[in-house]
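An overview of the molecular structure
Listed below, chain by chain, are the residues.
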Amino acid sequence: MSFKYGPLTFGLSLCVLSTVAAVSAQAQETVKGVVELFTSQGCASCPPADEAMRKLIQKGDVIGLSYHVDYWNYLGWADSLASKENTERQYGYARALGRNNVYTPQAVVNGRDHVKGADMNAIYSRLDAFKNAGEGLSVPVKAQRINDEIAIDIGEGHGKADVVVAYFTREQIVDVQKGENQGKKISYWHSVYDVQTVGMWDGKSMAVKLPASIMSKAQNGGCAVLLQTTDAQGNPAAIIGASVLLPSGN
């Protein structure tokens, strides 16, 4: 399989994540970690990784997020789910990981390392290695819908981190009409359309409340809450806690 590589630039990247409708929060002890897939509708190598993301999400032991990047739009098809913010997030990870380039499909695991996005064995191997090394999701995070509010509760731990919310669409099918994937109808899961930093955690337990109306931007929408550190330059780094909220009936 060939992989698409793009030039590294220096746009600022602040990680962000979020919450969603009904309370479908996965118990953190059953979640192996967070997998963020950087993908593109214009990348011929990406559909297998998009399918792998679907399988990871449906299996239920991983918090999966898809970030559509925009740097392959010149190949003849403008990705309908892409944003420059998603691309900047990937650039931020590249800087934090000491890389000279970005590529698709890339899976960033727990904010700590990356593997090829379609390689589920490598993804799970990296998650298990992090857990065994004490680099899993060590800080309890719970997100739930209570009446007209999204309630986020974060437990105690060590260090400091941002409280990041990533808003996503649960599932959508795109009919790609041009470019490298011309003629394909591709199913995308947990495609992120907005990320926001909603608070800062200093190692003490804390609660954050958000208006539930923020979930009205997308039908079939959800969100993930990430407790994420940053490096000295402000780039996204290790994720030490996470939770996800899914739409009603999911």
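Structure first, text after, so check above.
For clarity, every value in this text was computed on a predicted model and none was experimentally measured. (Residues numbered from 1 in each chain as written. Predicted model: local features only at pLDDT ≥ 70, side-chain atom pairs only at ≥ 80, totals over all residues. Heavy atoms only, no water.)

Details of the packing of aromatic side chains
- According to the stated counting rule, one finds 6 aromatic pairs in the structure shown.
- Considering the side-chain rings of W72 and Y74, the 6.3 Å spacing of their centres and the 45 degrees angle between planes classify their relative orientation as tilted.
- Judged by its relative accessible area of 6%, W72 is buried.
- Each residue in the set Y71, W72, Y74 and Y91 is aromatic and connected to the rest through ring pairs, giving one cluster.
- Directly above the ring of Y124 sits K59, whose terminal nitrogen or CZ lies 4.5 Å from the centroid. (Phe/Tyr/Trp six-rings, centres within 6.5 Å; stacked < 30°, edge-to-face > 60°. Buried < 20%, exposed > 50% of the residue type's maximum accessible area, 1.4 Å probe, protein only. Lys NZ or Arg CZ within 6 Å of the ring centre and 35° of its normal.)

Re the environment of L227
- Positionally, L227 belongs in strand β12 (residues 221-230).
- A sequence separation of 12 residues divides L227 from I239, and the C-alpha atoms of the two residues are 5.7 Å apart.
- Every residue in contact with L227, bar those within four places of it in the chain, is listed here: V139, V141, I154, A161, D162, V163, W201, A238, I239, I240 and G241. (Helix = DSSP H or I, 4+ residues; strand = E, 2+ residues; numbered from the N terminus. Contact = heavy atoms within 4.5 Å.)

Considering helix α1 (residues 47-59)
- The terminal C-alpha atoms of α1, which comprises 13 residues, lie 18 Å apart, in line with the 18 Å expected from a rise of 1.5 Å per residue.
- Within the span of α1, buried status applies to P47, A49, D50, A52, M53, L56 and I57.
- The inward-facing, buried residues of α1 contact β2 (33-39), β3 (62-68), α3 (120-132), β9 (161-175) and β10 (185-201).
- Downstream of α1 by one or two residues, G60 has phi in the positive range, about 90 degrees. (Expected span 1.5 Å × (residues − 1).)

Some details on the sheet that holds strand β8 (residues 149-154)
- The strand order β7-β8-β11 describes an open sheet built from 3 strands, whose pairing is antiparallel. Unpaired on one side and paired on the other, β7 (141-146) and β11 (206-211) mark the two borders of the sheet. Mean inter-strand twist for the sheet, computed between neighbouring axes without regard to direction, equals 20 degrees.
- Sheet topology places β8 next to β11; 6 bridges connect them, and they run antiparallel. Its bridge partner lying in β11, E149 is registered against P211. (Pairing = 2+ DSSP bridges. Axes fitted to C-alpha atoms, helices over the stretch in contact; angles between N-to-C directions.)

It is worth stressing that arrangement in space is one thing and function is another; only the former is reported here.
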